[in-house]
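The chain contents come next:
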Amino acid sequence: MAEAEHDTAGHDIADTAEYDIADTSEYDMVIVGAGFAGLYMLHRAHKLGLRVLVFEAGGDVGGTWYWNRYPGARCDVESMEYSYQFDDDLQQEWQWSERYSAQPEILRYVNHVADRFGLRGYIQFDTRVSAATFDEATNRWVISTDHQSVRAQWMVMATGCLSSANTPAFPGIESFAGPMYHTGKWPHEGVDFTGKRVGVIGTGSSGIQAIPIIAAQCTDLIVFQRTANYSIPAHNGQLDRDYEQQVKASYTEFRAANSLMPGAFGSKMPRGDKPALAVDDETRKHDFEYRWNEVGGFAFLGGFVDLLIDPNANETAAQFARDRIHDLVHDQAVADLLSPKQVIGCKRLCLDTGYFETFNRDNVHLVDISSAPIERLTTRAVVTGGTEYEVDCLVFATGFDAMTGTLMSIDIRGRDGLGISDAWSAGPRTYLGLQVAGFPNMFTISGPGSPSVLTNMIVSIEQHVNFIADCIAHLREHGHARIEATEQAQDAWVEHVNMIADLTLYPTCNSWYLGANVPGKTRVFMPLLGFPPYVDKCNEVVANGYEGFALSA
Ligand code: N01
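Residues numbered from 1 in each chain as written. Predicted model: local features only at pLDDT ≥ 70, side-chain atom pairs only at ≥ 80, totals over all residues. Heavy atoms only, no water.

**Student:** Any chance you could explain the sheet that holds strand β10 (residues 197-201) here in plain terms?
**Tutor:** Either a parallel or an antiparallel arrangement is found when strands of a sheet pair, and the pairing is made through backbone hydrogen bonds. The strand order across the open sheet built from 5 strands is β9-β18-β10-β11-β14, with neighbouring strands paired in parallel fashion. The sheet is open, and its two edges are formed by β9 (180-182) and β14 (364-368), each paired on a single side. Between one strand and the next, the sheet's axes are offset by a mean angle of 20°, whatever the strand orientation. Taken together, the 5 bridges between strand β11 (residues 220-225) and β14 define a ladder with parallel strand orientation. Bridge pairing in β14 places Leu 221 opposite Val 364. Along the sheet, helix α5 (residues 205-217) contacts β10, β11, β14 and β18 (393-396); its crossing angle with β11, the most-contacted strand, is approximately 155°. (Pairing = 2+ DSSP bridges. Helix = DSSP H or I, 4+ residues; strand = E, 2+ residues; numbered from the N terminus. Axes fitted to C-alpha atoms, helices over the stretch in contact; angles between N-to-C directions. Contact = heavy atoms within 4.5 Å.)

The structure is reproduced here in structure tokens:
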């Protein structure tokens, strides 16, 4: 490895990593996952001069964007923001084509990054980690896949927040004779729905993006809806080149402004500073209309400061959205079914292109399963409310075992043989979403207890990776071989995360943020609200000598 220098940000730089991953089974760091998080972690670790191996279950880089190839898959955060900021040349040179990027373009970008920074050669693809055990005598993790075991001082779980597809165990599912697809594990060769009768189960972000496109292709589409969802027009289109130039001319300032936003994005979105009920009805309606008709997307909830805090304020936005659904959908009985009853924004807000209008098509049928759940599948049908709905194929847009599913599917054993599933049996517990007490030298990127899924994920990922890389540099400099979150710091942190969530309307509905979509999962609000105070807390922890972590030789 070349000798370390320093870049302008003070990071150690080694020119290139020079080792062969096949030469050894001993590494400084093993990273699990080669999505946005794993790739940047690998890059930073190389700059520290570490020997790193990445295990990736998929056949290539990309994580979420490798797996989620369903029709219409697109990012809801704008292209000029949904990208890495660690390298100025990269962000200046890459050119996005649309305001919101589609999955194939994002996947091309991830591949470009992997090649540009020479990362691919350190990743073992098609390899799923099944177990990891901490060896206390040597302060090493022993990490196992189905055909090998390696050892590493640091283990970084870059496994993603939405990476374990949730396919409900509908009775009779094994007897269904047609093809079944999950949006989160879409076939790479694509699916041609021409001439087919298709059933889609699920109306979250994935379903809402896929339904208009499948509807335009298939003969008949039946949408099985358990909970109606709010969706705001995306107003997607070609990226405005003037806007691109404007952002690129001051990208650093733009990124800095975004990092001060609660979700680490949207500094250029129009934002109000008043409570919703502090203005008269006409003013409020005018603001909602402007956001719905002209701006689009998440900006819809940015007009008033209390929409996610005060139920009465929230209801004004919710009713506005329901009224728009009734404008867009011709059959008012169908519009009623498509109108959500829960608080708006409590479940992740969706963005769409023509979703509600799709229900005006003659070949699209909505089946409300809120009070009569799917009873069973037969060879050719979905049965609910005593009716058999015949379909040729099924699309499960049924989401994920979010935030904990992938981590708990690996047999991770920390100190004294403690298993992660036992440690988290009453819900995930972490310190800063970065470490779990009892699991020394293991880091989680965008883990539960960090802002993660409530933010622009790439910004959160970069902040976590920088924390971890700087932490390891600090430990090495001070002769420490081990770091572990203390129980005390973790308990206080979990309490803090819950306290913040309880100040809002987020815990009031059955969202995946609470694990409510997976039967039997403990109901705990998993992400932390508010990116800027979180970053301040991390910086304070570092300034106080990694307060809340036990460091040892
Ligand atoms: O999953 P979801 P998703 N019977 O959990 C229904 C991100 N994302 O893949 O609401 C019948 O939101 C379930 O019903 P209910 C984004 O963060 C981002 O759509 O639980 N129905 C719901 O309607 C998003 O929030 C982007 O009552 C069942 C649906 O399936 C997250 O991923 C794009 C059921 C699942 O919705 C997850 O989105 C896509 C059952 N047994 C995703 N079980 C972009 O940035 C579940 N459902 C664009």
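On we go from here.
**Student:** How do you make sense of unusual backbone geometry when you look at a structure like this?
**Tutor:** Among all residues save glycine, negative phi is the norm, and among peptide bonds the norm is trans. One non-glycine residue with positive phi stands out, namely Ser 446, at about 50°. Mapped onto the fold, Ser 446 is located in the loop between β20 (442-444) and α14 (457-477). Accessibility expressed as a relative area gives 5% for Ser 446, which makes it buried. Positive phi, normally seen in glycine, also occurs at Ser 452, with a value near 25°. By the secondary structure assignment, Ser 452 is in the loop between β20 and α14. Judged by its relative accessible area of 0%, Ser 452 is buried. (Buried < 20%, exposed > 50% of the residue type's maximum accessible area, 1.4 Å probe, protein only.)

**Student:** What is the right way to read the packing of aromatic side chains from this model?
**Tutor:** To describe a pair of aromatic rings, you give the distance between the ring centres and the angle between the ring planes. Within the structure shown, the criterion is met by 39 aromatic pairs. On the numbers, 5.8 Å between centres and 80° between planes, the contact of Phe 467 with Tyr 546 is edge-to-face. On the criterion of sequence distance, the pair formed by Phe 467 in helix α14 and Tyr 546 in the loop between α16 (531-543) and β22 (549-552) is long-range, its members being 79 residues apart. Ring geometry for Tyr 506 versus Tyr 513: centroids 6.0 Å apart, planes at 70°, classification edge-to-face. Judged by relative accessible area, Tyr 506 falls into the buried class, the value being 11%. Above the face of the Phe 320 ring, Arg 324 is positioned so that its terminal group lies 4.4 Å from the ring centre. (Phe/Tyr/Trp six-rings, centres within 6.5 Å; stacked < 30°, edge-to-face > 60°. Lys NZ or Arg CZ within 6 Å of the ring centre and 35° of its normal.)

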